[in-house]
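# Breakdown of the fold
Residue strings, one per chain:
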Amino acid sequence: MSEYYEKRRDEKMIDYDKIILTYQEHFLLFHMRFLKTVSDEFLGDSADILLEYGLIVPNYDAVNDLGSNCFDGTYRLSDTYKRFRKYARRQTIHRYLTPITVSAATTVVLHILQQWWLPVISDWLRGLL
């Protein structure tokens with residue numbers, strides 16, 4: 001049980017801002033979302049970096065005579081990749097959608113103030129002078 005919790009704690013400590021992927025790596029990961037497993041040849045040179053970031057995990061076929069797992073030559077997406085996708089989606093919303101929404105709301109409010117309140121305030125100021 002403690003190994004499970006240690007692994008979960010380590011996964012939460014991943015700094016997704018430090019994951020930098022090329023367009024090819026993004027494309028490979030996107031493609032893997034539709035395929036259950038992919039071969040080592042499909043990933044090519046990108047397999048090492050994707051394994052290092054923990055975005056993919058190797059599949060194991062069976063246990064050999066020594067009791068260790070045998071790599072079957074294929075990979076699948078990891079839970080870390082799913083968390084990375086959610087993080088990247090949130091970052092996109094915060095980086096692009098929030099400023100656009102704030103800008104649009106500010107424009108609407110300023111337009112309403114100019115059209116409705118500016119004439120009232122200018123008439124009120126003329127009445128004072």
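Residues numbered from 1 in each chain as written. Predicted model: local features only at pLDDT ≥ 70, side-chain atom pairs only at ≥ 80, totals over all residues. Heavy atoms only, no water.

### Things to note about the sheet that holds strand S1 (residues 38–39)
Strand order across the open sheet formed by three strands is S1-S3-S2, with antiparallel pairing between neighbours. If you trace the sheet from one side to the other, it starts and ends with S1 and strand S2 (56–63), each paired once. Two elements, S2 and strand S3 (residues 69–77), share five bridges in a ladder whose sense is antiparallel. Pairing of Pro 58 across the sheet is with Tyr 75, part of S3. The strands touched by helix H4 (residues 46–53) within the sheet are S2 and S3, with S2 carrying the most contacts at an inclination of about 95°. (Pairing = 2+ DSSP bridges. Helix = DSSP H or I, 4+ residues; strand = E, 2+ residues; numbered from the N terminus. Contact = heavy atoms within 4.5 Å. Axes fitted to C-alpha atoms, helices over the stretch in contact; angles between N-to-C directions.)

### A few points about the pattern of salt bridges
For the coordinates displayed, the defined rule picks out two salt bridges. Asp 79 is the partner of Lys 82 in a salt bridge, and the nearest nitrogen-oxygen pair spans 4.0 Å. Residue Lys 82 and its partner Asp 79 are located together in helix H5 (residues 79–128), separated by three residues, close to a single helical turn. What makes Lys 82 partly exposed here is its relative accessible area of 44%. Where Arg 126 meets Asp 123, a salt bridge forms, and the shortest distance between an N and an O atom there is 3.3 Å. Highlighted residues: Arg 126 and Asp 123, both in helix H5, separated by three residues, approximately one helical turn. Among the residues examined, Asp 123 registers a relative accessible area of 47% and is labelled partly exposed. (Salt bridge = Lys/Arg side-chain N within 4 Å of Asp/Glu carboxyl O. Buried < 20%, exposed > 50% of the residue type's maximum accessible area, 1.4 Å probe, protein only.)

### What to know about the confidence of the model for the protein chain
Averaged over every residue, the pLDDT of the protein chain is 84; the share at 70 or more is 87%. For the protein chain, helix H1 (residues 2–12) is the element with the lowest average pLDDT, namely 53, and helix H2 (residues 23–32) is the one with the highest, namely 94. (pLDDT = per-residue confidence, 0-100.)

### A few points about a negative patch on the surface
Taken together, the side chains of Asp 40, Glu 41, Asp 45, Asp 48 and Glu 52 present a region of like negative charge at the surface. Counting residues per element, the ones that place at least two in the negative patch are helix H3 (40–43) and H4. Mapped onto the elements of the fold, Asp 45 is located in the loop between H3 and H4. (Patch = residues over 30% accessible without salt bridge, like charges linked within 9 Å, V, L, I, M, F, W, Y side chains within 5 Å. Areas by Shrake-Rupley, 256 points an atom, 1.4 Å probe, with all protein chains shown as cover. Lys, Arg positive; Asp, Glu negative; His and termini not counted. Charge placed at Lys NZ, Arg CZ, Asp CG, Glu CD.)

### With respect to the pairing of S3
Inspection of the sheet shows S1 paired to S3 by two bridges, in the antiparallel sense. Across the sheet, residue Val 38 finds its bridge partner in S3, namely Tyr 75.

### Examining the side chain of Thr 80
Note that Thr 80 resides in helix H5. If we ignore the near neighbours within four places in the chain, the residues touching Thr 80 are Ile 14, Tyr 16, Tyr 53, Gly 54 and Leu 55.

### Some words on the environment of Val 57
By the secondary structure assignment, Val 57 is in strand S2. Between the alpha carbons of Val 57 and Thr 74 there is a distance of 8.7 Å; along the sequence they are 17 residues apart. Apart from the residues within four sequence positions on either side, Val 57 is in contact with Leu 51, Thr 74, Tyr 75, Arg 76, Leu 77 and Ser 78.

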